[in-house]
Amino acid sequence: MSRYRIDPLPEPADPALLSRLEQVETATLGHVRLTGFADRRIQAIAPDQPCRAGLAVTLALPAMCSTLMHYAVSHLRPGDMLVVDRLGDDRHACLGGAVARAAKLAGAVGVVIDGPVTDMQEILDEGLPVWSRGVSSQTTRRLGLGGMFNRPVSCGNVPVLPGDIVLADASGVMFLPADEASAEAEAAIARQGRVARTMDRLQTGERLGAITGVVDEIERALLAERSK
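Bear in mind the structure is a predicted one, so any value in this text is a computation, not a measurement.

> Could you give an account of helix H6 (residues 178-203), naming the residues involved and the relevant values?
Helix length check: H6 (26 residues) gives 38 Å between terminal C-alpha atoms against 38 Å at 1.5 Å per residue, within 8%. Along H6, the sharpest change in direction is near 25° and occurs at Glu184. Among the residues of H6, Ala181, Glu184, Ala185, Ala188, Ile189 and Gln192 are the ones counted as buried. Just downstream of H6 lies Gly205, where phi reads positive at about 110°.

> So what about the UniProt feature "binding site: substrate" (unreviewed entry) in the protein chain? Which residues, and what values?
In this numbering, the UniProt entry assigns the feature "binding site: substrate" (unreviewed entry) to Gly96, Gly97, Ala98 and Val99. Looking at where Ala98 falls in the secondary structure, it is placed in helix H4 (residues 97-106). Tracing the chain through its elements places Val99 in helix H4. A residue is classified by how much of its surface remains accessible, and Val99, at 12% relative accessible area, is buried. Residues within four places of Val99 in sequence aside, it is in contact with Met69, His70, Val73 and Cys94.

> Give a detailed account of the pairing of strand E11 (residues 172-176), specifying residues and quantitative values.
It is a general feature of regular strands that their side chains alternate between the two faces of the sheet. In terms of burial, E11 is a largely internal element, 5 of the 5 residues being buried. Burial along E11 is two-sided: the residues Gly172, Met174 and Leu176 and Val173 and Phe175 are all buried. Of the strand pairs in this sheet, strand E10 (residues 165-169) and E11 are connected by 5 bridges, and their pairing is antiparallel. Its bridge partner being in E11, Ile165 is matched across the sheet by Leu176. Counting the residues that bridge the hairpin from E10 to E11 gives 2 residues.

> I'd like to hear about the nonpolar core, residue by residue, with values.
Core analysis: the biggest nonpolar cluster contains 24 residues, and Leu59, Met69, Leu82, Val84, Leu95, Val111 and Val130 have the highest contact counts within it. Contributions of two or more residues to this core are made by strand E3 (52-60), helix H3 (67-73), strand E4 (80-85), H4 and strand E5 (110-113). Top contributing element to this core by residue count: H3, with 4 residues. Leu95 has contacts with Ala100, Val111, Ile113, Val117, Thr118, Ile123 and Val130, leaving out every residue within four places of it along the chain. By size, the runner-up hydrophobic cluster in this structure holds 19 residues, among which are Val83, Cys155, Val158 and Ala168.

> I'd like a description of unusual backbone geometry, backed by residues and values.
A positive phi angle, close to 55°, is found at Leu87, a residue other than glycine. Its location among the elements puts Leu87 in the loop between E4 and H4. Phi at Asn157 takes a positive value of approximately 70°, unusual for a residue other than glycine. If you trace the backbone, Asn157 turns up in the loop between strand E8 (153-155) and strand E9 (158-160).

> Could you give me a rundown of the side chain of Glu184, with the residues and numbers involved?
Residue placement: Glu184 occurs in helix H6. Excluding residues within four positions of it along the chain, Glu184 makes contact with Leu29, Arg33 and Leu176.

> Could you give me a rundown of a nonpolar patch on the surface, with the residues and numbers involved?
A surface patch of nonpolar side chains, about 360 Å² in accessible area, is lined by Val195, Met199, Leu202 and Leu208. Counting residues per element, the nonpolar patch draws most heavily on H6, which supplies 3 residues. One can find Leu202 in helix H6.

> So, the UniProt feature "binding site: Mg(2+)" (unreviewed entry) in the protein chain: which residues are in play, and what are the values?
The residues that UniProt annotates with the feature "binding site: Mg(2+)" (unreviewed entry) are Asp119. For Asp119, the position within the fold is in the loop between E5 and helix H5 (120-126). Ignoring any residue separated from it by four or fewer positions in sequence, one finds Asp119 in contact with Gly96 and Gly97. A polar contact of 3.1 Å, which involves the side chain of Asp119, links it to the backbone nitrogen of Gly97.

Criteria and thresholds
- Residues numbered from 1 in each chain as written.
- Predicted model: local features only at pLDDT ≥ 70, side-chain atom pairs only at ≥ 80, totals over all residues.
- Heavy atoms only, no water.
- Helix = DSSP H or I, 4+ residues; strand = E, 2+ residues; numbered from the N terminus.
- Expected span 1.5 Å × (residues − 1).
- Bend = angle between axes of the 7 residues up to and from the residue.
- Buried < 20%, exposed > 50% of the residue type's maximum accessible area, 1.4 Å probe, protein only.
- UniProt positions renumbered as here; feature names shortened; annotations may be inferred.
- Contact = heavy atoms within 4.5 Å.
- Pairing = 2+ DSSP bridges.
- Core = buried A, V, L, I, M, F, W, Y, C linked by side-chain atoms within 4.5 Å.
- Patch = residues over 30% accessible without salt bridge, like charges linked within 9 Å, V, L, I, M, F, W, Y side chains within 5 Å.
- Areas by Shrake-Rupley, 256 points an atom, 1.4 Å probe, with all protein chains shown as cover.
- Salt bridge = Lys/Arg side-chain N within 4 Å of Asp/Glu carboxyl O.
- Polar contact = N/O pair within 3.5 Å; in protein donor to acceptor, adjacent residues only side chain to side chain.

Printed below as a string of structure tokens:
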């Protein structure tokens, strides 16, 4: 049996959908969705990272081996977001400056790694958005140990399928089934509009509890308790 399990790339995502999703904050979806959020320890390496949305192209790399990483970045397309399952390894960095440059030049919108990276400054200089579990100076090598490309993986304790939509920003990473992404984008943008109006009302001096109705709600509850 081959050490490598490689499936075809998923169909490219609609650029208009990805552009729409990049108006959405992951925290906005955090108000309404219960699933799809990667472990919070997978964070943007740039603290001011703006939102990025991309099509999940999945990769599973075993331990110290990065052979399949070189194969994967050679097949990335504009609009793709590479999602890397490190199969439990948290010691070896599989992405550094050269891999970051290759991914950026291929048109990838970002990389999400369930493990560490290396060459932090070089990655930042390349301008490739990356989310990871931190930094390590211990790196992978081209050992030919195998792995999976465009197969189901796990990233941040979330199952990810090739063709899912990845939404990531400074607050974290989440994965959306492709057939739910458009509706979630529209609902989230509407919600953000309501939040913006709330922010304006706060700026004019209104209190948050009055705007949300919580003050009246609690006062009614207290009155009801006193009248028993």
